[in-house]
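Coordinate inspection notes
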Amino acid sequence: MDVLSQLRHQLADYTNSLHRDGFLDDQFSQLQQLQDESSPDFAMEVVSLFFEDCQKLVTNMARALELQAVDFKQVDSSVHQLKGSSSSVGAARIKNLCVAFKTCCDSQNRDGCMRCLQEVNRECVLLKNKLQTLFRLEQQIISAGGSIPM
Amino acid sequence: MSLLHVLGFGLKLGHLLLLLCCWVVSVISMNSFIDSEIEPSNSSISAAAAAANLLGGKMWLKLWEKISVNSSKIHQVLEAKSVQKSFWKKLLRSWAVFWIVACALMFRFFNNQAIDKRKETLGSMCDERARMLQDQFNVSMNHVQAMSILISTFHHGKNPSAIDQRTFAKYTERTAFERPLTSGVAYAVRVLHWEREKFEKQQGWSIRTMNTVQQNPIQKDDHMPEKLEPSPVQEEYAPVILAQDTVAHVVSLDMLSGKEDRGNVLRARESGKGVLTAPFRLLKTNRLGVILTFAVYKRDLPPDATPRERVEATDGYLGGIFDIESLVEKLLQQLASKQTILVNVYDTTNRSHPISMYGSNVYVDKLEHVSALNFGDPFRDHEMRCRFKQKAPLPWLAITTSVSTLVITLLIGYIGYATMNRMAKVQEEYDEMIELKKRAEAADVAKSQFLATVSHEIRTPMNGVLGMLDMLLYTDLDVTQQDHVRTAQASGKALVSLINEVLDQAKIESGKLDLEAVRFDLRAIMDDVLSLFSGKSQEKGVELAVYISHRVPDTLIGDPGRFRQIITNLMGNSIKFTEKGHILVTVHLVEEVMETTDIEKEALSRKTLSGFPVPDRRRSWAGFRNFSQDGSNCSFSPDLINVIVSVEDTGEGIPQEAHSRIFTPFVQVGQSISRKQGGTGIGLSISKCLVTLMNGEIGFVSIPKVGSTFTFTAIFTNGCSKLSQSKMAYPEFQGMRALVVDSRQVRAKVSIYHVQRLGIQVEVVPTLDQALSSISTGDTVFSMVLVEQDVWDVDSTVASLFVNNLRKLDHQRCPKLFLLANSVNYSKTSTMSLDLHGPSTIMKPLRSSMLAASLQRAMGVGNKGNPRELPSLSLRGLLAGRKILIVDDNYVNLKVATGALKRYGADVVSAESGEKAISFLEPPHTFDACFMDIQMPEMDGFEATRRIREMEDNINVRIQNGDVSIEACGNISNWHVPVLAMTADVIQATQEECLRCGMDGYVSKPFEAEQLYQEVSRFFTS
């Protein structure tokens, strides 16, 4: 019982820190709320889908930006997609980065795009680690026989 | 536009110059005309010249016409704006070249004319002289011939001869005037050699020869006939026997011995005509002369006599000596203008070596006229050559004409050039302006974009706030808490709408704002607005009240959002600047206000809501058009409702100097105000625009330190078409009666209005005493008594007495007591001091929902549950079991949206492209709705929806035509699946685009419960 409450405390703290540091926003909480008995791993599914998507988009964009003649339209649509999915998941930092990225795209600023892409990539990795930690904590709580507080 | 002006100016100037040019040319032609008239030599020449000039004038006139026609054409071309720079440059260049060539030609033409004229003059003069000379010569010749007849008759015909030297000399001397050109006449007889001796004897001298004389022409002074050699033996001789005195020295000379004379003599006797010698130096005088010789025959010869016969018949030879030099001189003396002309006479028998007979060869002018002279000798040719003494004057006429024309045309060319330059410059400036304009427009677009972004960014956190409030409402709250939450929510929503206002200004500025026409409840809107400001007004202790005339219909058709915006703006201003007193919003019909008598108004204006003085509100609409012309608005159709709204406050007012610019955007009264009160300063300008859009007018009256009243009118359509009286919102209050205790008429009116809206009948009494008496004595049973706070506070004893007296009444009749309080502080203190039976406090401003809630709570009537269903619950009700298609290319979004909708119990199918969605939604299908992402690769949401609608239309038509049975299509005769757009961008334009392509609505992404509910509830009935 003691372990459980400790874990819960840890989870709450961790979640709060994520929110505080701007990694996540409200939407993520809503996403978590969508989780119920019928789909217990909903958030995790969505998040993993998101990261897959992210990886794909980042690779696409990196390839597009390496070309001699950059197709900014293509990059832009990728950024748009990334922005949409990140806002759906509640990845606030990535979403904000996407806004800056989009501006770079609009002004056809290749260097800016490259910089943004690197940032996005870094943020993705960072967020992935953070969320992995978060889900691990949740798993631990569940395996300890508790339920995740909403 | 300035380009055309410049063009017009240039053309005008060119026109003027052309006129000038024509004038100059005409003057020149006129001058030349006059010049030629002055010329005295020959009238026919001048006439010809005049004709030529006239022709020239005509030519100019034609040219002028052409030019003016061309210029008008050019104008048209310019107006067509197909101006090409290079074309004009070429035109200009060719214009200059053309005119230079034309001027050269003109110069040549005029010069030639002058030369021709001169030539003609010279020719005529020369011909005249030649003719005269010839005439004179002929006269002389004739006379010489006549003399030969005389000699033949009187010398040879008579024997002895009737003429001797003396007679001859005398006769010839006296008839010398007949032969003006001869200087002397001599007669020689034909003497054959065998007759010589006899002849010499007879004459008394011997025949002499002329050869030596001619060989020694130098010794002319001591020329003596005695010194001449006697003639050598010849076959025949022709010694002179008779001679005029002037040539007496030739007597006895043998004419055949002189070279010239011999030829002459021989030719004369053979031809029988007068024969001339070539000019030669005469004996003695040594001047140039010619000798005319006639043969004298013994008998008359037939004209066709052979030369031989003639020689046979010859008796002698008569010679006339023509001293050409002096003679011509004499002749020319007689003629006028001899000094202008140089005359030369030549013997041109030998063409290559003409022999000069008269005149010098010194000349300056090359122009020469040759006139043939016929002196009757076919063997010899003579001609007269005339020249002007002076060189031809410079052709001033030609020079001036051509040069001035050239100057004028070059000037015109220069004007054209200048115009072109100016045009180019203007064009350049125009292009620059266009560029600037584009940049400005781009900046404007950027501004709009910025505003849109900012508003988007603000909306996001606001959505959080509103969402939380939304969720808070679902929790178990008591009525007051609910009201607070709703107020907070409404304020948040108002904030969002205020953000929209900033966008509105931009929209209004670009004239892109369109008003909606939907049914709305004016009173509900006023309540909303009121609740928006209630917090602030309570804080400040300012009384806020709304009064709507009962004549204003319950529902109107118009744009509620915009109407609300105007009211919010005006009230917002009022509450900003009012620290004490009240803010009263009144809504009337315009007709109503006009019908009110002045006295009533007077009374109204004196007794105000809070007792503070206010400016006369009538003055705020003094400038309205509808009021100035009486009754004009009465002619409106009954469906049009002309509403007049006044917002009256007792604030600090607007300084007089700011009145004029109060409706100018971004203008605030003084900088300090913006610092103190904030605000953008566009509220009033937006309001004015909106009022204008609603066919209304806005005006105000303001007295500093007293207050301001803003009044506007707006025209709506009556929404209560059917007479079904609006269903009672609060049936639980039906039939109740209330008593309002209020000393102020205006305030009481507001209270009555609100209480009456709940369906409660109201009576008003000014004091508590009267209230008590009407409760206790009257037949009517009052369910409640509403007491104004200041009436209650007047005297605490009266109040407690009132409460006690009320308690004494039996339970059925005992009305509930309510205090109408104004400030937050009061409600706290008063509730603390009052016991359980004391009055409940109702906070002003009064609004029907709040009033109803308070009354319900106090009286224990009505539904205990929340008046409104919880959106999430109702969403569940609406969506449970519905089959919904979600279309999004983004898997993450798809998953989240699916999860959200599944949570509400919907049966969700997802599709990741527009094409898939179309295949799913091909009728017949079982979907109840479709949520469609807008921005998708390949086929976006708009296109997909358009296709779906086409498909549906197709099938509907086919069902109607009976091509497809309804049964086959799931028993639905009219297919139309609701399609809702999902997008993150909440922009008006997107919304419009959604509707245009056949979408039914629009939800933001991620889903917001209330919005989702609003949209979905339009299609699904639970």
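Counting restarts for each chain, with residues numbered from 1 along the sequence as it is written. Written order determines the labels here, with chains lettered from A and ligands numbered from 1. Totals for whole chains, interfaces and linings use every residue, but because this is a predicted model, local features are given only for residues with pLDDT of at least 70 and side-chain atom pairs only at 80 or more, for both listing and counting. Excluding hydrogens and water, the side-chain figures rest on all heavy atoms present in the structure.

**Here's the deal with the interface of chain B and chain A**
By definition, residues are in contact when any of their heavy atoms lie within 4.5 Å. Across the boundary between the two partners, chain B contributes 14 residues, which contact 18 residues of chain A. Two parts placed together each lose some accessible area under a 1.4 Å probe, and adding up what both lose gives the buried area. Between chain B and chain A lies a buried interface of about 1500 Å² when both sides are counted; carbon and sulfur atoms form 59% of it. Of all residues in chain B, the largest losses of buried area upon contact with chain A belong to Val892(B), Lys895(B) and Val896(B), amounting jointly to 34% of the total for that side. A carboxyl oxygen of Asp or Glu within 4 Å of a side-chain nitrogen of Lys or Arg is what we treat as a salt bridge. Here chain B and chain A share 0 salt bridges between them. Residues adjacent in sequence count toward polar contacts only when both atoms are side-chain atoms; beyond that, a polar contact is any pair of N or O atoms within 3.5 Å, and within protein one must be able to donate a hydrogen and the other to accept it. The tally of links between chain B and chain A comes to 0 residue pairs in polar contact (both at pLDDT 80 or more). Numbered from the N terminus, helices here are DSSP runs of H or I no shorter than four residues, and strands are runs of E no shorter than two. Per element, the largest residue contribution to the side of chain B that touches chain A is 8 residues, and it comes from helix α26 (residues 891–903) of chain B. Tallied by class, the residues present in the side of chain B that touches chain A amount to 7 nonpolar, 4 polar and 3 charged. Note on residue categories: nonpolar means Ala, Val, Leu, Ile, Met, Phe, Trp, Tyr, Cys or Pro, charged means Asp, Glu, Lys or Arg, and polar means any other residue, Gly included.

**Focus on the sheet that holds strand β24 (residues 840–843) of chain B**
Residue and element names in this part refer to chain B. Only strands joined by at least two bridges in the DSSP assignment are considered to pair. Here 5 strands make up an open sheet; going across it, the order is β21-β20-β22-β23-β24 and the pairing parallel. Only two strands of the sheet have a single partner each, and these edge strands are β21 (761–765) and β24. When the angles between neighbouring strand axes are averaged without regard to direction, this sheet yields 25°. Bridge count for strand β23 (residues 816–821) against β24 is 4 bridges, and the pairing is parallel. Bridging from a neighbouring strand, Leu 820 pairs with Ile 842 of β24. With axes taken as lines fitted to C-alpha atoms, and helix axes fitted only over the stretch in contact, angles between N-to-C directions fall between 0 and 180 degrees.

**Re the UniProt feature "modified residue: Phosphohistidine" (unreviewed entry) in chain A**
UniProt positions are given in the numbering used here, feature names are shortened, and annotations may be inferred rather than shown by experiment. If you check UniProt for "modified residue: Phosphohistidine" (unreviewed entry), the listed places come out as His80(A) in our numbering. Ignoring any residue separated from it by four or fewer positions in sequence, one finds His80(A) in contact with Lys102(A) and Gln935(B).

**Notes on the UniProt feature "transmembrane region" (unreviewed entry) in chain B**
According to UniProt, the "transmembrane region" (unreviewed entry) feature falls on residues 12–34, 92–110 and 394–417 of chain B. Structurally, residues 92–110 of chain B is divided into 100% helix and 0% strand, and its ends, taken at the C-alpha atoms, are 26 Å apart.

**Overview of the state of the cysteines**
Counting rule for disulfides: a pair of cysteine sulfur atoms within 2.5 Å. This model, assessed by the stated rule, comprises 1 disulfide over all chains. What pairs with Cys126(B) in a disulfide is Cys386(B), and their sulfur atoms sit 2.1 Å apart. In this structure the cystine formed by Cys126(B) and Cys386(B) twists about its S-S bond by roughly 80°; its chirality is therefore right-handed. Residue Cys126(B) is found in helix α3 (residues 85–156), and its partner Cys386(B) is found in strand β12 (residues 382–388); the two are separated by 260 residues along the sequence. Cys98(A) forms no disulfide, and the closest cysteine sulfur to it belongs to Cys54(A), at a distance of 7.8 Å. Residue Cys98(A) is classed as buried on the basis of its relative accessible area, which comes to 0%. The classification of residues rests on relative accessible area computed with a 1.4 Å probe and restricted to protein chains. Under 20% of the type maximum is buried, over 50% is exposed, and intermediate values are partly exposed.

**A closer look at the pattern of salt bridges**
Residues and elements named next belong to chain B. In total, this model carries 24 salt bridges over all chains according to the counting rule given. One salt bridge connects Arg 380 with Asp 347, and the closest N-O pair in it is separated by 3.4 Å. Placement of the pair is Arg 380 in the loop between β11 (368–373) and β12 and Asp 347 in strand β9 (residues 341–347), with a sequence separation of 33 residues. As far as burial versus exposure is concerned, Arg 380 and Asp 347 are alike and both buried. In this structure, Lys 540 engages Glu 579 in a salt bridge whose closest nitrogen and oxygen atoms are separated by 3.7 Å. With a gap of 39 residues between them, Lys 540 in helix α12 (residues 522–540) and Glu 579 in the loop between α13 (560–577) and β16 (582–589) connect regions that are remote in the sequence. A single network of salt bridges, built from pairs that share partners, joins Arg 190, Glu 236 and Arg 269.

**What to know about helix α24 (residues 848–859) of chain B**
All names here are of chain B. Helix span, as expected, comes to 1.5 Å for every residue beyond the first. The end-to-end C-alpha distance of α24, which contains 12 residues, comes to 16 Å, matching closely the 16 Å that a straight helix rising 1.5 Å per residue would cover. When you tally the buried positions in α24, you get 10 out of 12 residues, the bulk of the element. Within the sequence span of α24, burial applies to Ser 848, Met 850, Leu 851, Ala 852, Ala 853, Ser 854, Leu 855, Gln 856, Ala 858 and Met 859.

**Quick notes on the packing of α3(B) against helix α9 (residues 324–334) of chain B**
Residues and elements named next belong to chain B. Remark: α3 packs on α9, axes separated minimally by 11 Å, with the N-to-C direction vectors making an angle of 125°. Considering the angle they form, α3 stands oblique to α9. The handedness of the crossing between α3 and α9 is right-handed. Note on element contacts: α9 touches α3 through Val 328, Leu 331, Leu 332 and Gln 334, opposite Arg 129, Met 132, Leu 133 and Gln 136. When grouped by side-chain class, the residues that make up the contact of α3 with α9 number 5 nonpolar, 2 polar and 1 charged. Under this scheme an angle from 65 to 115 degrees is roughly perpendicular, one under 35 degrees roughly parallel, and one over 145 degrees roughly antiparallel; angles in between are oblique. By definition, turning the near helix anticlockwise from the far helix through less than a right angle yields a left-handed crossing, and turning it clockwise yields a right-handed one.

**Concerning the sheet that holds strand β28 (residues 979–983) of chain B**
All names here are of chain B. Strand order in this open sheet of 5 strands is β26-β25-β27-β28-β29, and the pairing throughout is parallel. Of all the strands in the sheet, the pair left with one neighbour each is β26 (907–911) and β29 (1001–1004). Averaged over all neighbouring strand pairs, the angle between strand axes comes to 25°, with direction disregarded. Sheet topology places strand β27 (residues 929–933) next to β28; 4 bridges connect them, and they run parallel. Paired with Asp 933 across the strands is Met 982, a residue of β28. In this fold helix α28 (residues 941–961) packs onto β27 and β28, with an angle of close to 150° to the strand it touches most, β27.

**Quick word on a negative patch on the surface**
All names here are of chain B. A surface patch of negative charge is lined by Glu 428, Glu 429, Asp 431, Glu 432 and Glu 435. Position of Glu 429 relative to the elements: it lies in helix α10 (residues 396–474). Residue classification places Glu 429 among the partly exposed positions, given a relative accessible area of 35%. Residues forming no salt bridge and having over 30% relative accessible area are the ones grouped into patches, like charges within 9 Å of each other and nonpolar side chains (Val, Leu, Ile, Met, Phe, Trp, Tyr) within 5 Å. Where accessible areas are quoted, they stem from the Shrake-Rupley method and a 1.4 Å probe; at the residue level, only the protein chains shown are allowed to cover. The charge count includes Lys and Arg as positive and Asp and Glu as negative, but it does not include His or the ends of the chains. To locate a charge, take NZ of a lysine, CZ of an arginine, CG of an aspartate or CD of a glutamate.

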